[in-house]
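Chain and residue survey
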Amino acid sequence: ITLEIPLPKFDGRVAILMLYIFKNRMIDVDAITPELIEKWADATNGFTASDFEAILNQAALNAGRRNGKKVETKDIQNALEQLVLSKQAIAKQYC
């Protein structure tokens, strides 16, 4: 038996991002607006829940590198860009 789980659509990506963002105490949630979450969800078509978890883990590493006490939106944005670029590089290898 093969179980195929579809990739989350826009609303699912918004929900997943909200879940991971608001459960993480290290993230400065006061700076995160619904519009920003929607922007990130729009930019992550084709991403899985584990991709979002990887983005936020990378954001925490980015915050640590700059000696930040909280994960800021710039840390998440940088992590998102890193993962998008790495996915594009992997896709080019297989084209």
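Preceding this section is the structure that the text describes.
Bear in mind the structure is a predicted one, so any value in this text is a computation, not a measurement.

This part takes up the overall build of the protein chain. Secondary structure summary: the protein chain contains 4 helices and 0 strands in total. Mapped in sequence order, the helices and strands of the protein chain form the string α-α-α-α. Classification of the 95 residues of the protein chain by burial places 29% in the buried group. When the accessible surface of the protein chain is summed, it comes to about 6,700 Å², and 56% of that surface belongs to carbon and sulfur atoms. Each charge sign in the protein chain was given a centre, from 12 positive and 12 negative side chains, and these centres are 6 Å apart.

Using the criterion set out here, one finds 1 cavity of 30 Å³ or more in the structure. Computed from the structure, the largest cavity encloses a volume of approximately 40 Å³. Surrounding the largest cavity, Leu17, Trp40, Thr44, Phe52, Ile55, Ile76 and Leu80 form its lining. For the lining of the largest cavity, the elements supplying multiple residues, two or more each, are helix H3 (49-65) and helix H4 (73-93). Looking at the lining of the largest cavity residue by residue, the class counts come to 6 nonpolar, 1 polar and no charged.

We now examine the nonpolar core. Proteins that are soluble and globular tend to have nonpolar side chains buried together. By size, the foremost hydrophobic cluster in this structure holds 22 residues, and its most contacted members are Ile21, Trp40, Ile55 and Ile76. Those elements giving two or more residues to this core turn out to be helix H1 (10-23), helix H2 (34-42), H3 and H4. Contacts of Trp40, omitting those with residues within four sequence positions, involve Leu17, Ile21, Ile32, Thr73, Ile76, Gln77 and Leu80.

Cut-offs applied
- Starting from 1, residues in each chain are numbered consecutively following that chain's sequence as written.
- In keeping with the model being predicted, local features are shown solely for residues with a pLDDT of at least 70 and side-chain atom pairs are shown and tallied solely at 80 or more, while totals for entire chains, interfaces and linings include all residues.
- The side-chain figures draw on all heavy atoms in the structure; neither hydrogens nor water molecules are used.
- Secondary structure elements are taken from DSSP: a helix is a run of H or I of four residues or more, a strand is a run of E of two residues or more, and numbering for both begins at the N terminus.
- Exposed residues in this analysis have more than 50% of their type's maximum accessible area, buried residues have under 20%, and partly exposed residues fall in between, with area computed by a 1.4 Å probe over protein chains only.
- Working definition of accessibility: Shrake-Rupley area with a 1.4 Å probe, residue cover restricted to the visible protein chains.
- A residue counts as positive if it is Lys or Arg and as negative if it is Asp or Glu; His and the chain ends are not included.
- Where a charge lies is defined by one atom per residue type: Lys uses NZ, Arg uses CZ, Asp uses CG and Glu uses CD.
- Grid points spaced at 1 Å and placed over the protein atoms alone form the basis of the search, with a cavity being a set where a 1.4 Å probe fits but cannot get out and a pocket an open set showing protein on both sides within 12 Å along at least five of seven lines. Lining residues have an atom within 4 Å of a point.
- Grid points are joined across faces, edges and corners, and a volume is the space filled by probe spheres set on the points.
- Side-chain classes follow a simple rule in which Ala, Val, Leu, Ile, Met, Phe, Trp, Tyr, Cys and Pro form the nonpolar group, Asp, Glu, Lys and Arg form the charged group, and the remainder, Gly included, forms the polar group.
- In this description, a nonpolar core means a group of buried Ala, Val, Leu, Ile, Met, Phe, Trp, Tyr and Cys residues linked to one another through side-chain atoms lying within 4.5 Å.
- We call two residues contacting when some pair of their heavy atoms lies within 4.5 Å.

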